[in-house]
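One letter stands for each residue in the lines below.
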Amino acid sequence: MKAITNMDARKKISLVAPFYNEESNVRPFLQQVHAALAPVLGTYDIEIICVNDGSRDGTLEALRQARQHHPQVKIIDFSRNFGKEAAITAGLDFATGDAVIPIDSDLQHPPELILEMLAHWESGFEVVLARRTSRETDQALQRLTARAFYEVSRYISHIEIPADVGDYRLMDRKVVDALKALQEKCRFMKGLFAWVGFRTTVVNYQVVPRVHGKSSFNTWKLWNFALEGITSFSTLPLRVWTYLGGVVSLGAFIYAAYLIIKTLVFGVEVPGYASLMIVILLASGVQLIGIGILGEYLGRVFTEVKNRPIYIVREVIGP
Ligand code: UDP
Ligand code: MG
């Protein structure tokens with residue numbers, strides 16, 4: 001199979017698109033991608049890996065039908081909803097391209113950007129990040145918390161997660177292979193992407209509002225997502241209790257010494273209810289938070305130790 005024809009020298013680009021209840025987006029998405037990639041269809045082989053993440057609507061049917069017009073489409077059908085991170089992981093596992101580009105299927109990631117990404121890739125970059133220049137489509141609270149998240153994670157974890165970049169990016173085969181070696185089950189893709197490193201550059205884009213369907217990320221999901229991000233890449237929340245405990249113990253020690261001396265010098269004095277209550281409440285509150293954080297990490301260790309697969313594929317449809 002090692003013919004030296006021109007065909008074999010062509011590089012292959014894999015698009016990885018997760019679909020969760022995106023029935024009405026399937027056609028427009030594939031049409032837009034097709035139109036955007038038209039100028040390079042002669043240069044590259046294209047495959048579009050569509051991961052159906054346990055959709056409850058007609059997404060799978062729509063994808064099957066779309067294959068008649070778009071033979072580059074390969075469908076990975078999950079046995080249930082495993083979440084976007086798992087869907088992208090599967091896409092990376094199945095992708096065979098020399099460059100892989102995860103892209104949202106809801107048309108919020110403009111496919112026109114791909115040409116720009118490819119140009120950077122050809123000039124030697126191994127990762128091309130797409131950075132959103134505005135967060136206008138987000139609510140004020142979401143913008144604020146996103147900023148807080150990036151600030152906090154910058155301070156407490158060893159890797160730097162670039163702000164305002166999502167999963168939309170181009171990755172060279174080397175990067176994808178490095179990612180595939182990370183077998184953790186709690187997958188915070190943004191962090192994993194940043195962790196592997198490589199020569200990186202950025203292109204900017206304007207995020208567009210969703211046209212069809214609705215976002216599956218509510219505030220609670222986003223909070224858990226942020227928690228995942230922090231606990232997956234920093235052990236500071238675990239270790240800080242040593243120091244906090246030290247400070248509290250030192251305070252307690254000094255206060256105890258003061259009480260003993262006071263009692264010896266001035267004799268027994270019964271009132272002290274207020275100070276006692278304050279110390280008890282404060283100390284037990286601090287302890288509960290500490291235990292909670294232990295729980296966060298222990299829960300994740302539990303998940304890792306069980307070593308379950310990240311996703312289960314019901315069927316692979318396509319070449
Ligand atoms: N998605 C998925 N599984 C999920 C949730 C979302 O595969 O459990 C996909 C979804 O189909 C879309 C992308 O992930 O292509 C981004 O999801 P969404 O638009 O809901 O998130 P947002 O853009 O609001 O962050
Ligand atoms: Mg979206």
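Shown above is the structure to which this text applies.
Reading the values: rules and limits
Residues numbered from 1 in each chain as written. Chains lettered and ligands numbered in written order. Predicted model: local features only at pLDDT ≥ 70, side-chain atom pairs only at ≥ 80, totals over all residues. Heavy atoms only, no water. Donors = N, O, S within 2.8 Å, 3.2 Å for Na, K, Ca; no water. Buried < 20%, exposed > 50% of the residue type's maximum accessible area, 1.4 Å probe, protein only. Salt bridge = Lys/Arg side-chain N within 4 Å of Asp/Glu carboxyl O. Helix = DSSP H or I, 4+ residues; strand = E, 2+ residues; numbered from the N terminus. Phe/Tyr/Trp six-rings, centres within 6.5 Å; stacked < 30°, edge-to-face > 60°. Axes fitted to C-alpha atoms, helices over the stretch in contact; angles between N-to-C directions. Left-handed = near helix turned anticlockwise from the far one by under 90°. Contact = heavy atoms within 4.5 Å. Nonpolar A, V, L, I, M, F, W, Y, C, P; charged D, E, K, R; others polar. Patch = residues over 30% accessible without salt bridge, like charges linked within 9 Å, V, L, I, M, F, W, Y side chains within 5 Å. Areas by Shrake-Rupley, 256 points an atom, 1.4 Å probe, with all protein chains shown as cover. Expected span 1.5 Å × (residues − 1).

Asker: Explain the coordination of the magnesium ion (ligand 2) to me, please; I cannot follow it from the model alone.
Answerer: For a metal with four tetrahedral donors the ideal donor-metal-donor angle is 109.5 degrees, whereas six octahedral donors ideally subtend 90 or 180 degrees. Protein ligation of the magnesium ion (ligand 2) involves D106 (OD) and Q108 (OE1), the donor distances falling in the range 1.9 Å. Both residues of the pair, D106 and Q108, belong to the buried class.

Asker: Before we go on, may I ask you to explain the pattern of salt bridges in this structure?
Answerer: Any two side chains of opposite charge can pair, on the condition that their charged atoms come close. Throughout the structure, instances matching the rule amount to 13 salt bridges. With its nearest N and O atoms 3.0 Å apart, the salt bridge here joins D104 to K84. In this pair, D104 sits in the loop between β4 (99-102) and α5 (113-122) while K84 sits in helix α4 (residues 84-94), placing the two residues 20 residues apart along the sequence. Ionic contacts of the salt-bridge type, sharing partners, join the residues E61, R64 and E315 into one network.

Asker: For this particular structure, what's the right way to read the packing of aromatic side chains?
Answerer: Any aromatic ring pair is given by two values, namely how distant the centres are and how the planes are angled relative to each other. For the structure on display, the rule yields eight aromatic pairs. Summarising the aromatic geometry, the rings of F78 and F82 are spaced 5.5 Å apart at their centres and angled 90° between planes, so their arrangement reads as edge-to-face. With respect to class, F78 is no different from F82; both count as buried. Measuring from ring centre to ring centre gives 6.1 Å for Y255 and Y258, while their planes differ by 25°; the resulting arrangement is stacked. Taken together, the residues span about one helical turn, with Y255 and Y258 both in helix α10 (residues 236-266) at a distance of three residues.

Asker: Just checking my understanding: could you explain the packing of helix α7 (residues 173-180) against helix α8 (residues 189-196) for this structure?
Answerer: What describes two packed helices is the angle between their axes and the distance between those same axes. Two elements in contact, α7 and α8, have axes whose closest approach is 10 Å; the angle formed by their N-to-C orientations is 120°. The element α7 and its partner α8 pack so that their crossing is right-handed. In contact with V175, A178 and L179 of α7, α8 contributes L192, F193 and V196. When grouped by side-chain class, the residues that make up the contact of α7 with α8 number six nonpolar, no polar and no charged.

Asker: Can you help me understand the environment of L227 in this one?
Answerer: Mapped onto the fold, L227 is located in helix α9 (residues 219-233). Residues L227 and F188 lie 39 residues apart in sequence; the distance between their C-alpha atoms is 9.8 Å. Not counting residues within four places of it along the chain, the set of residues in contact with L227 comprises E296 and R300.

Asker: Sorry, what's going on with a nonpolar patch on the surface here?
Answerer: The grouping of I260, I261, L264, V265 and F266 at the surface amounts to a nonpolar patch, some 620 Å² of accessible area in total. Along the chain, L264 turns up in helix α10. Residue classification places L264 among the exposed positions, given a relative accessible area of 71%.

Asker: Explain helix α2 (residues 26-37) here, please?
Answerer: Residue pairs spaced three or four apart in an α-helix point in one direction, given the helix's 3.6 residues per turn. Taking 1.5 Å of rise per residue, twelve residues should cover 16 Å, and α2 covers 17 Å from first to last C-alpha, within 8% of that figure. Where α2 is buried, its residues touch β1 (12-19), β2 (45-52), α3 (59-66), β3 (73-78) and α5.

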